[in-house]
Structure formats: C-alpha cells, structure tokens
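Each chain, written out:
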Amino acid sequence: MNRRQVVFGWLAASFRFALPAGAAQKTVGGPQPQPQRVADAERNFAASMAMRDAKAFASHISEEAIFMGASDTPRVLRGRAAIIECWKLFFDDPTAPFSWEPDIAEVLDSGSMALTSGPVHDREGKLIGRFNSIWRLDGDGQWRVLFDRGAPVCG
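Attention here is on the structure that accompanies the text. Keep in mind the model is a prediction, meaning the values are calculated, not measured.

Procedures and definitions
- Sequence positions are assigned chain by chain, starting from 1 and proceeding in written order.
- For this predicted model, a pLDDT threshold of at least 70 governs which residues receive local features, and a threshold of 80 or more governs which side-chain atom pairs are given and counted, while totals over whole chains, interfaces and linings are taken from all residues.
- Hydrogens and waters are ignored; side-chain quantities use all the structure's heavy atoms.
- Here, nonpolar core means buried Ala, Val, Leu, Ile, Met, Phe, Trp, Tyr and Cys residues that are tied together by side-chain atoms lying within 4.5 Å of each other.
- Categorising residues by exposure relies on relative accessible area from a 1.4 Å probe, with only protein chains included: less than 20% of the type maximum marks a residue as buried, more than 50% marks it as exposed, and the intermediate range marks it as partly exposed.
- Only DSSP runs of H or I with at least four residues qualify as helices, and only runs of E with at least two residues qualify as strands; both kinds are numbered from the N terminus onward.
- A contact between two residues is defined here by any heavy atoms of the two lying within 4.5 Å.
- What a helix should span is 1.5 Å times the count of its residues minus one.
- Stacked, edge-to-face and tilted are the three classes for Phe, Tyr and Trp ring pairs, Trp counted by its six-membered ring, which pair at centre distances within 6.5 Å; planes under 30 degrees apart are stacked, over 60 edge-to-face, the rest tilted.

## Details of the nonpolar core
Burial of nonpolar side chains together is a common tendency in soluble globular proteins.
Phase 1: Grouped together as the largest cluster of nonpolar side chains are 26 residues, with contacts concentrated most on Phe-45, Met-49, Phe-57, Phe-67, Trp-87, Trp-100 and Trp-135.
Phase 2: Listing elements by their share of this core, those giving two or more residues are helix H2 (35–50), strand S1 (61–68), helix H4 (80–87), strand S3 (98–100), strand S4 (104–107), strand S5 (113–122), strand S6 (127–137) and strand S7 (143–152).
Phase 3: Take this core: its biggest share by element is six residues, from H2.
Phase 4: Setting aside residues up to four positions removed in sequence, Phe-67 forms contacts with Phe-45, Ile-61, Arg-75, Val-76, Leu-77, Ile-83, Trp-87, Val-145 and Asp-148.

Here's what the structure looks like:
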C-alpha cells in the first residue's frame, strides 16, 4: 500500500467517524435510499452461487456489465454473456469454490445506483479477498450488477 492510499484511507475513516450514525443515508425531502434492498440482492446473488444455480446467477448481472479481475489477474469481461461463459467453471463442482457477503451497502439518493462490498471466503472459510460491486436499479425494478471487481486480502 502506498502512502497516498494510507493517507486517503485514514482521512476517509476520520470523516466517517465524525458523522452522526446513519448520516450517509439521510436524504432531506423525497424518498429515502433503501440500502437493505441492494444488500438483499447481493445476498441472493451470492446464494445463487452457493446453490449452484447458474441461471439465477446470470439474472443478477446486467447485460452490459463489466467484471474485472483482482490486481493480480487484471482480466476484463464485458457483457453478461462473456461473464457467464468465463464464470461457468465456478459452477462445475458440487460445492462453490468461494462465498461472499456484503458488509457495506450504500445507495445514491436518487435510488438508481448502489455500491456493495464485503469479504470473500474460500470453501474452507478462509478470508481470501474482498469484492466491490456497483449495482443499477433496472426499469423492471430489479437490482443488477453493473461493475464488479475483487481485491486480494492486504497482508
């Protein structure tokens, strides 16, 4: 981690602790963002992998999604079809090779886009990384992943 990342991380954490609890999700007037809906969509997405349901997995991915590998595997996959083709190998075994769970979910005040992030564990439960996903609320009322990128665990 370089000095810039450390300083930015420290500043971001400092500002977050300076805000009253829940301030990041307060909107004055108008509808309130619903981070629980996108967190639930992320959990359902993860459950489709655990249940080995490739069709349900695909339904959570936007047609124009971009999935990027971690810094050690910088491959970029463009579009649902390319993502599904590449990810089908993760559905070959009877048990999922990894699992994930959101511990952060934030929604724009407009309610149209969101961020989820959280830990990724291998099948034995060892922490192996962190995912970061950008979701879009599509016209049919469903949240779908638009961008996804994993990151290795900092050592």
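## Section: H2
Since the α-helix turns once every 3.6 residues, residues separated by three or four places project in the same direction.
Phase 1: Compared with an ideal rise of 1.5 Å per residue, which puts 16 residues at 22 Å, H2 spans 23 Å between its outermost C-alpha atoms and is within 8% of the ideal.
Phase 2: Of all the positions in H2, only Val-38, Ala-39, Ala-41, Glu-42, Phe-45, Ala-46, Ser-48 and Met-49 are classed as buried.
Phase 3: Among the residues trailing H2, Arg-52 stands out with phi positive, at a value near 65°.

## Considerations on the packing of aromatic side chains
Note on aromatic pairs: each is described by the distance of the centres and the angle between the planes.
Phase 1: All told, the structure shown has 10 aromatic pairs when counted by the stated rule.
Phase 2: For the ring pair Trp-87 and Phe-98, a centre distance of 5.8 Å and an interplane angle of 80° mean the geometry is edge-to-face. One end of the pair, Trp-87, is in helix H4; the other, Phe-98, is in strand S3, with 11 residues separating them in the sequence. Of the two residues, Trp-87 and Phe-98, neither departs from the other in class, the shared state being buried.
Phase 3: Three or more aromatic residues link up through ring pairs in this structure, and these residues are Phe-45, Phe-57, Phe-67, Trp-87, Phe-90, Phe-91, Phe-98, Trp-100 and Trp-135.

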